[in-house]
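Tertiary structure, described
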Amino acid sequence: MFKCFRLANVASLKSSRAVCYRLYSMQLKELHPSLVEKAQQSVEEMKQLDLLLTKGETFDVELQKRYSRLAAISGVFEEYQGLAENLKGLQEMIQTDPTLQEEAEAEFNSSMPGFHKVSNNLLQKLLPPHPFAEKACILELRPGVGGTEAMIFTQDLLNMYIGYAQHHRWKYHLISQTENQSGNGLVDAILSVDELGSYDRLRFESGVHRVQRIPATETKGRTHTSTAAVVVLPQIVKSTKDAEQSERTFKPGEIRIDVMRAGGKGGQHVNTTDSAVRITHFPSGIVVAMQDERSQHKNKAKAFAVLRARLAELERKQKEERERAARKDQVTTADRSDKIRTYNYPQNRITDHRCNFTLYDIEGVTTGPRLDEVIDAMAAKDLDTRSKSLVHTAEH
């Protein structure tokens, strides 16, 4: 009798543990209360703006933009609340109604991916948008250590970004590229990706890229390590006309424009006309040289476009540094200028060191189609970092 009682207790204990384990595995991970409060405040602000705009007394473009952003937050927040309430109801059903437990568990598990997707969408909308999120971008590529192999790797990276743009059917054009004298690889290249919003997608590519592979010239089969640097800038100047306008917005003595004869490989225009342009911006120390076009006028316009982009990115970084110093936030960002990614050819492996993401498909990434997976992993890490910063700011 005593033995049966003990066995019954053991069975009951195991059953209780199983239920507890299932409930633990089905915990609902909601947004931090301070983020939910921020969403509620956005909904209230939207209602007030709605009343103001409905009167039609004034038309303010900035208010319209603000209203659109708040309306987007409101819509996603309403969906988030509905899904959260439904999942909480299913949790309660699992605990209190054994007859519906299995069915409720199945519905809970099938609903969770949708809830996580909406939750991340809401989080993205609550975070302050990047100042250049909606802009097109300019990518500057230069070889690092590794000699000719680094120059070949720079060419490979340029081809990767061109392939990525083609995969997404984005417009792009080469602003300039300087080939190695031997014809193998690039000394530098500047690629313009003209799709609006491409900066927000490609900004995580800034940094030092490292390649590990056996060069074609290697006779002993040894693996070499080389690097290339990528800088992603927002497009500030959209056209030649805008570039001409940019020239007139600098103060006297702030820039110097030098013209010279183009050098390197080329046709009759090389070393015969003063078509090359070099612009020096004294306050920042930025120097931009351009000689790809036969026309001095076109080279000057391209140089001003690149200068504007570099200055905008410099100002953004300086602002971020000031804000970080003000709140004493020691969290590193995706903009740090150390090694960000390794392309290991012998292992067919790509690893992004900032988010510890690894993908075994060198060709799929370097031809463009699977680069999105690497960018998505870094974007998720950036979202997590910025959301923690937002919660910290809200609590203090």
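About the criteria used
- Residues numbered from 1 in each chain as written.
- Predicted model: local features only at pLDDT ≥ 70, side-chain atom pairs only at ≥ 80, totals over all residues.
- Heavy atoms only, no water.
- Helix = DSSP H or I, 4+ residues; strand = E, 2+ residues; numbered from the N terminus.
- Buried < 20%, exposed > 50% of the residue type's maximum accessible area, 1.4 Å probe, protein only.
- Contact = heavy atoms within 4.5 Å.
- Pairing = 2+ DSSP bridges.
- Axes fitted to C-alpha atoms, helices over the stretch in contact; angles between N-to-C directions.
- Phe/Tyr/Trp six-rings, centres within 6.5 Å; stacked < 30°, edge-to-face > 60°.
- Parallel < 35°, antiparallel > 145°, perpendicular 65-115°, else oblique.
- Left-handed = near helix turned anticlockwise from the far one by under 90°.
- Nonpolar A, V, L, I, M, F, W, Y, C, P; charged D, E, K, R; others polar.
- Salt bridge = Lys/Arg side-chain N within 4 Å of Asp/Glu carboxyl O.

1. Details of the overall build of the protein chain
- A count of helical and extended segments in the protein chain gives 10 helices and 11 strands.
- Expressed as a percentage of its 396 residues, the buried residues of the protein chain come to 39%.
- If you take every contact in the protein chain between residues at least 6 apart in sequence, the share linking residues at least 24 apart comes to 63%.

2. Quick notes on the sheet that holds strand β7 (residues 276-281)
- With antiparallel pairing, 3 strands are arranged side by side in an open sheet as β6-β7-β8. Lying at the two open borders of the sheet, with one neighbouring strand each, are β6 (255-260) and β8 (286-290). Put simply, the sheet's adjacent strands are angled 15° from each other on average, direction ignored.
- With 5 bridges connecting them, β7 and β8 associate as antiparallel partners. Its bridge partner being in β8, Ile279 is matched across the sheet by Val288.

3. Observations regarding the packing of aromatic side chains
- All chains considered together, the criterion is met by 5 aromatic pairs.
- For the ring pair Phe132 and Tyr199, a centre distance of 6.0 Å and an interplane angle of 85° mean the geometry is edge-to-face. You can see Phe132 sitting in the loop between α4 (101-126) and β1 (137-143) and its partner Tyr199 sitting in helix α6 (residues 198-202), a full 67 residues away along the chain.
- Seen in terms of ring centroids, Tyr164 and Trp170 are 5.6 Å apart; in terms of plane orientation they differ by 85°. Their pairing is edge-to-face. You'll find Tyr164 and Trp170 in the same group, each marked buried.
- Taken together, the ring pairs in this structure connect Phe77, Tyr80 and Phe115 into an aromatic cluster.

4. Examining the packing of helix α3 (residues 61-96) against α4
- At a minimum axis distance of 9 Å, the contact between α3 and α4 shows a crossing angle of 155°. In terms of axis orientation, α3 runs roughly antiparallel to α4. The hand of the α3/α4 crossing is left-handed.
- Taken together, the residues of the contact of α3 with α4 break down into 18 nonpolar, 7 polar and 5 charged.

5. Thoughts on the pattern of salt bridges
- As enumerated under the stated definition, the model contains 21 salt bridges in all.
- In this structure, Glu45 and Arg66 form a salt bridge, with 2.9 Å as the shortest nitrogen-oxygen distance. Separated by 21 residues along the polypeptide, Glu45 in helix α2 (residues 33-55) and Arg66 in helix α3 bring together distant segments of the chain.
- Owing to a relative accessible area of 28%, Glu45 belongs among the partly exposed residues under this scheme.

6. Looking at the sheet that holds strand β2 (residues 172-179)
- Here we have 8 strands laid out as an open sheet, ordered β2-β3-β1-β5-β4-β9-β10-β11, and mixed in their pairing. Each end of this open sheet is capped by a strand with a single partner; those strands are β2 and β11 (357-359). Pairwise comparison of adjacent strand axes, ignoring direction, gives a mean angle of 15° for this sheet.
- With 5 bridges connecting them, strand β4 (residues 207-213) and strand β9 (residues 339-344) associate as parallel partners. Pairing of Arg210 across the sheet is with Thr342, part of β9.

7. Let's talk about the side chain of Ser226
- In this structure, Ser226 sits in strand β5 (residues 224-234).
- Setting aside its immediate chain neighbours within four residues, Ser226 contacts Val145, Gly146, Glu149, Ala150, His209, Arg210 and Val211.

8. Regarding the side chain of Arg310
- Within the secondary structure, Arg310 sits in helix α8 (residues 296-327).
- For Arg310, a relative accessible area of 16% corresponds to the buried category.
- When sequence neighbours within four positions are dropped, the list of residues in contact with Arg310 reads Glu140, Arg142, Leu233, Ile286, Val287 and Val288.

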